[in-house]
Amino acid sequence: KIFKNDLGNCKYIDIASDLTDNDQWIDKLQQNGFDSNKKSIIICEGILEYFPRDSMLKLLSNMSSKLSCIGSWIIGEIPNKINVSLKEMHDIWSNLGGQRVVTGIDVPSEAILDRFGYKEFQNVNILGCNESNYNDRCPPTYVKYQLKSKPQRNDKITRIQLFRGMQSE
């Protein structure tokens, strides 16, 4: 599919593949015309938290080194560690139809964006707060609770953080 707007033409490549086999899915993308020398947008929504930490880091490393050039973006979301470890949160995820999440990141700006070279135009928001509280859908008490402290290592407040950054030199 080709999307055309004021930003130009963007080719959308959709493949079916096992993301744990890094070489296979990257090869499939390249065989279908993906060019890692052109700027791209990698969207990691609802996926990273289901990988064991080492597998998630390998996946991000391969995305950064094999699929991104300077000016490429990564956009995603990930729960923090306390969100992953609490039984109550597991029950909530399961009741929403999800599986048990296994990996959380407390500070995605360091653990993902900085680590893998997405250092420009970084932005991290807590789901339901600031720019990610679309049409003020979240109750004010939730927003107040989420904003009473900044996300930090060993955070005690369960959070889902949305992140984005652009690959730089």
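Refer to the structure printed above.
Residues numbered from 1 in each chain as written. Predicted model: local features only at pLDDT ≥ 70, side-chain atom pairs only at ≥ 80, totals over all residues. Heavy atoms only, no water.

Q: So, the overall build of the protein chain: which residues are in play, and what are the values?
A: From N to C terminus, the protein chain includes six helices and six strands. Ordered by position in the sequence, the α and β elements of the protein chain form the string β-β-α-β-α-β-α-α-α-β-α-β. A compact globule built from 169 residues would reach a C-alpha radius of gyration of about 15 Å, and the protein chain, at 17 Å, matches this within 12%. For the C-alpha atoms alone, the extent of the protein chain along its principal axes is close to 45 × 35 × 30 Å. Expressed as a percentage of the 169 residues in the protein chain, the buried residues total 40%. (Helix = DSSP H or I, 4+ residues; strand = E, 2+ residues; numbered from the N terminus. Rg over C-alpha atoms; globule rule 2.2 N^0.38 Å. Buried < 20%, exposed > 50% of the residue type's maximum accessible area, 1.4 Å probe, protein only.)

Q: Just give me the short version of the packing of helix H1 (residues 22-31) against helix H2 (residues 53-67), but keep the residues and values in it.
A: Packing of H1 against H2 brings their axes to within 11 Å, and their N-to-C directions diverge by 30°. One finds that H1 runs roughly parallel with respect to H2. Here H1 runs over H2; the crossing is right-handed. In this structure, H1 contributes Asn 22, Asp 23, Trp 25, Ile 26, Leu 29 and Gln 30 to the contact, and H2 contributes Lys 58, Leu 59, Asn 62, Met 63, Lys 66 and Leu 67. When its residues are assigned to classes, the contact of H1 with H2 shows six nonpolar, three polar and three charged. (Axes fitted to C-alpha atoms, helices over the stretch in contact; angles between N-to-C directions. Parallel < 35°, antiparallel > 145°, perpendicular 65-115°, else oblique. Left-handed = near helix turned anticlockwise from the far one by under 90°. Contact = heavy atoms within 4.5 Å. Nonpolar A, V, L, I, M, F, W, Y, C, P; charged D, E, K, R; others polar.)

Q: Summarise the packing of aromatic side chains; cite the residues concerned and give the values.
A: According to the stated counting rule, one finds one aromatic pair in the structure shown. Residues Trp 73 and Phe 121 carry aromatic rings whose centres are separated by 6.1 Å and whose planes lie at 20° to one another, so their mutual orientation is stacked. You can see Trp 73 sitting in strand S4 (residues 73-79) and its partner Phe 121 sitting in strand S5 (residues 120-126), a full 48 residues away along the chain. The exposure class of Trp 73 is partly exposed, given its relative accessible area of 23%. Judged by its relative accessible area of 56%, Phe 121 falls in the exposed class. (Phe/Tyr/Trp six-rings, centres within 6.5 Å; stacked < 30°, edge-to-face > 60°.)

Q: Any details on the environment of Val 102? Residues and values, ideally.
A: Among the secondary structure elements, Val 102 is positioned in the loop between helix H4 (87-95) and helix H5 (108-114). Under the relative-accessibility criterion, Val 102 is labelled partly exposed at 45%. With 59 residues separating them along the chain, Val 102 and Gln 161 place their C-alpha atoms 15 Å apart.

Q: Before we move on, could you go through the state of the cysteines and cite the residues and values that matter?
A: Disulfides are covalent bonds that link the sulfur atoms of two cysteine residues. Inspection of every chain in the model, using the stated rule, returns zero disulfides. Here Cys 138 is not cross-linked by a disulfide; its sulfur's nearest cysteine counterpart is in Cys 129, at 6.6 Å. Classification of Cys 138 as partly exposed rests on a relative accessible area of 23%. (Disulfide = S-S within 2.5 Å.)

Q: Hey, could you go over the sheet that holds strand S6 (residues 160-166) for me, with residue numbers and the actual values?
A: Reading across the sheet, the four strands line up as S3-S4-S6-S5 and stay open at both edges, with mixed pairing between neighbours. At either end of the open sheet lies a strand with only one pairing partner, and these are strand S3 (41-44) and S5. Sheet twist, expressed as the mean angle between neighbouring strand axes with direction ignored, is 10°. Inspection of the sheet shows S4 paired to S6 by seven bridges, in the antiparallel sense. Bridge pairing links Ile 74 to Gly 165 in S6. (Pairing = 2+ DSSP bridges.)

Q: Quick one: what's the story with the pattern of salt bridges, residue by residue and with numbers?
A: Within this structure, the stated rule accounts for four salt bridges. Among the ionic pairs, Asp 91 bridges to Lys 87, the shortest N-O distance being 2.7 Å. In this pair, Asp 91 and Lys 87 both sit in helix H4, four residues apart, roughly one turn of the helix. Taking relative accessible area as the criterion, Asp 91 reaches 30% and is therefore assigned partly exposed. (Salt bridge = Lys/Arg side-chain N within 4 Å of Asp/Glu carboxyl O.)

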